[in-house]
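As a plain string of letters, each chain reads:
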Amino acid sequence: ERIKKREQYIKDGYMRESDSDEYLDILFRNEEYAKKFGVEEINRVGQTFDPSQEQALLIDSQEELEDDVVIEVLLKGYKLKDRVIRPASVKINQK
């Protein structure tokens, strides 16, 4: 999601391409450190919605899926061991 924002900033003229390369380097380094200390991404696409780890922002209706199944992650969520740091924002299915 941050990479998409970066591309939009470049397109809109808020950021130069050379600056964005440094930004990406810092971003990826931070993700490596987070993994090193046990921070995990919450990605439960295809699984039943869990309000302790996710917040439903959008609802869609797809007949081939069961109710309360996570269809898409809109904003990544993270947890440290068993503790949720930031819940994932998701789109769920409701018939």
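The present account deals with the structure reproduced in this document. (Residues numbered from 1 in each chain as written. Predicted model: local features only at pLDDT ≥ 70, side-chain atom pairs only at ≥ 80, totals over all residues. Heavy atoms only, no water.)

It is characteristic of soluble globular proteins that their nonpolar side chains tend to be buried jointly. In terms of nonpolar packing, the biggest core is built from five residues, these being Ile 42, Val 70, Ala 88, Val 90 and Ile 92. Looking at this core, the element that brings in the most residues is strand β6 (residues 88–93), giving three residues. Excluding its chain neighbours within four sequence positions, the residues that come into contact with Val 90 are Phe 49, Glu 54, Gln 55, Ala 56, Leu 57, Leu 58, Val 70, Glu 72, Val 73 and Leu 74. (Core = buried A, V, L, I, M, F, W, Y, C linked by side-chain atoms within 4.5 Å. Buried < 20%, exposed > 50% of the residue type's maximum accessible area, 1.4 Å probe, protein only. Helix = DSSP H or I, 4+ residues; strand = E, 2+ residues; numbered from the N terminus. Contact = heavy atoms within 4.5 Å.)

With that out of the way, let us pick up the side chain of Asn 93. Turning to its location among the elements, Asn 93 is positioned in strand β6. For Asn 93, a relative accessible area of 0% puts it in the buried group. Apart from residues no more than four positions distant in its own chain, Asn 93 is found in contact with Asp 60, Ser 61, Gln 62, Leu 65, Glu 66, Asp 67, Asp 68, Val 69 and Ile 71.

Successive residues of a regular strand alternate their side chains across the two faces of the sheet. Of the strand pairs in this sheet, strand β4 (residues 77–80) and strand β5 (residues 83–86) are connected by three bridges, and their pairing is antiparallel. By the bridge assignment, Tyr 78 is partnered in β5 with Arg 86. In sequence, β4 turns back onto β5 through a hairpin of two residues, with Lys 81 there showing a positive phi of about 60 degrees. (Pairing = 2+ DSSP bridges.)

Function-wise, these values are silent; they only describe arrangement.
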